[in-house]
Amino acid sequence: LLVDKGNHRHFMEKEIHEQPEVISHTLAHYLNFAEGTVADFDLPFDFGKIERLAISACGTAYLAGLIGKYWLERYARLPVDIDIASEFRYREMPLPKNSAALFISQSGETADTLASLRYCRGEGVPISAIVNVRESTIARESDGIFPTLAGPEIGVASTKAFTCQLSVLAALTLRAAKARGTISAEEEQSLVRQLSEAPRFASQALKLSSGIEKVARELSHVRHVLYLGRDTNYPLALEGALKLKEISYIHAEGYAAGELKHGPIALIDEQMPVIVIAPHDRIFEKTVSNMQEVAARGGRIILITDEKGAKNATLDTLETVVLPDVPEFVAPIIYALPVQMLAYHTAVIMGTDVDQPRNLAKSVTVE
Ligand code: G6P
C-alpha cells in the first residue's frame, strides 16, 4: 500500500491529524454547502416510508451507529434499533416489511457485520452500508452504499474512519428529517451550516495536544479509568474507554453518567481517574451533579468540556480540557478528537505498539 507516515511518528497520529480534511471531503459529498441543503444522493429506501431502521456494526463503527441512533431519533423521529453485529446475527430479530437495515464498517469485510447483512437479506429488507472501502464484500452485497471519504486507514484503532462515519450519519439524519418532515428548510440550512464548520472546529481541537499530554501522563500511572457521558457523549465515553484499552492496555470502562450510582460509583477512589465528557448542553447540570458525586468520594475528575462548561462547572478537577463552544449537532464529531488524542498520547508514553496493538487486527474476517 502506497501510504506512509509523513512527518508523523505513527499512522494513528497522522490519521488523527487528517480529520479536518477528510471530514470536510466526506461532508462535501453529502451536503450542498452553497445552498445550505443536504444533497440528493441515491438511497436504497425512502426515509419517509420506513418505520424502523436496524443498524448493526462492530467496535468503533458500532459506536458511530449508536450516535447515529441519537441523531436519527431526535431530529428525524425515526426509531432505530442498534446492535453489535455478533449479537444481531444470532438473535433472530424480526424485521418488519417497512424497515431498512444499515451496516457500518470501515473495512467492509468484518465477518459478523457481513453475516448480519446476510441475515437481513434473508428477511427481505433494503440494505445499505456506510463503508470506507468501496470494493469490499459488504459494499458489494448492499443495495446502496454511503462511502466515507477517509482514505486508507492503517492504524488498527479506528480514528478518521469514525469521524467520517459520523459525518455520513449526520447527513443521513438530515435526509431522513427532510423526508419525514421533521425539520423546516431553515432548520436544515442551520444544521448544514453547523456541519460546514466541523472541519474548522476539528482543527482547533487538534491544537489541544499539550493539555492532553498532561492528562496522558496522569493516566500512564493508573490501572483503571472510568469514562462518563450523557446523551451522544455516552457513546463517546464508550469510544474513549475502547481506545484506551486497545492501544494503552489500561483497563477503562465507559458508562452513561446517570448510571454511575447503579454500580461504578463503588469503584471510585483516589486511584481511579474519572474522565467526564460534558459540553455545556441542555443536560450539563445533570452531569455536573454526577461529577459532584465523584468528587465527594475522593475521585479525581478530568473534564472534557467547552468554554461555557469550564466556566459553569463549579468543582475541582484534576485537569480540564477546554474545547471551543460548538453547536450541539456537531459536538460528537469534534469531541471524538480529544478522546482519540488522549488514548494516543497515553499509549506513546507507555511505549506500546500504537499502530499494531497486541492481539488486535485491523479487520476481523473470522468469527
Ligand atoms: C476491529 C478494529 C476496529 C474496528 C472494528 C470494526 O476491531 O480494530 O478499529 O472498529 O474491527 O471494523 P470495521 O472494518 O467493520 O469498521
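So, a few notes on the structure that sits alongside this text. Treat the numbers as computed from the prediction; the structure is a model and nothing was measured.

Bringing the overall build of the chain into the picture now. Helix and strand content of the chain: 14 helices and twelve strands. The globule rule puts the C-alpha radius of gyration for 367 residues at 21 Å, and the 20 Å found for the chain is close to it. With the C-alpha coordinates aligned to their principal axes, the bounding extent of the chain is approximately 55 × 45 × 40 Å. For the chain, with 367 residues in total, the buried portion stands at 52%. Long-range pairs, those at least 24 residues apart, make up 75% of the contacts in the chain between residues at least 6 apart in sequence.

Here we take up the site of the ligand. Close contacts around the ligand come from 16 residues, with Gly-59, Ser-105, Gln-106, Ser-107 and Thr-110 the closest. In terms of residue count, the dominant contributor to the shell around the ligand is helix 3 (residues 59-76) (three residues). In terms of residue class, the shell around the ligand is made up of six nonpolar, nine polar and one charged.

For Glu-92, which is not glycine, the phi torsion reads 50 degrees and is therefore positive. Residue position: Glu-92 is located in the loop between helix 4 (85-88) and strand 5 (99-105). Exposure remark for Glu-92: the 8 C-beta atoms within 10 Å place this residue in the exposed category. With phi around 70 degrees, Asn-359 is a residue other than glycine that occupies positive phi space. The exposure class assigned to Asn-359 is exposed, which follows from the 6 C-beta atoms found within 10 Å.

Here we take up the sheet that holds strand 7 (residues 144-147). One open sheet accounts for five strands, arranged 4-3-5-6-7; its pairing is parallel. Every other strand in the sheet has two partners, leaving strand 4 (80-84) and strand 7 as the edge strands with one partner each. On average, each strand axis in the sheet is inclined to that of its neighbour by 20 degrees, with strand direction left out of account. Of the strand pairs in this sheet, strand 3 (residues 52-57) and strand 4 are connected by five bridges, and their pairing is parallel. Across the sheet, residue Ala-54 finds its bridge partner in strand 4, namely Asp-81.

Further remarks concern the packing of helix 10 (residues 209-219) against helix 14 (residues 331-350). Their axes nearest at 8 Å, the elements helix 10 and helix 14 cross at an angle of 55 degrees. Relative to helix 14, the element helix 10 is oriented oblique. Two packed elements cross with a definite hand, and for helix 10 against helix 14 that hand is right-handed. For the pair helix 10 and helix 14, contact is made by Ser-209, Ile-212, Glu-213, Val-215, Ala-216, Arg-217 and Leu-219 and by Pro-338, Met-341, Leu-342, His-345, Thr-346 and Ile-349, respectively. Its residues placed into classes, the contact of helix 10 with helix 14 shows eight nonpolar, three polar and two charged.

In this section: helix 8 (residues 185-196). Taking 1.5 Å of rise per residue, the twelve residues of helix 8 would be expected to cover 16 Å, and the 16 Å separating its terminal C-alpha atoms lies within 8% of that figure. Three or more residues of helix 8 are buried, namely Glu-188, Leu-191, Val-192 and Leu-195. For helix 8, the arc enclosing every buried residue in end-on projection is 100 degrees, short of the 170-degree limit, so these residues lie on one face. Buried residues in helix 8 make contact with helix 2 (19-30), strand 1 (31-32), strand 2 (37-38), helix 7 (160-179) and helix 9 (198-206).

Cut-offs applied
Residues numbered from 1 in each chain as written. Predicted model: local features only at pLDDT ≥ 70, side-chain atom pairs only at ≥ 80, totals over all residues. Helix = DSSP H or I, 4+ residues; strand = E, 2+ residues; numbered from the N terminus. Rg over C-alpha atoms; globule rule 2.2 N^0.38 Å. Buried ≥ 20, exposed ≤ 12 C-beta atoms within 10 Å, placed from the backbone. Contact = placed C-beta atoms within 7 Å. Near = placed C-beta within 6 Å. Nonpolar A, V, L, I, M, F, W, Y, C, P; charged D, E, K, R; others polar. Pairing = 2+ DSSP bridges. Axes fitted to C-alpha atoms, helices over the stretch in contact; angles between N-to-C directions. Parallel < 35°, antiparallel > 145°, perpendicular 65-115°, else oblique. Left-handed = near helix turned anticlockwise from the far one by under 90°. Expected span 1.5 Å × (residues − 1). Arc of directions from axis to C-beta.

Remember that the coordinates give geometry; whether it matters functionally is a separate question.
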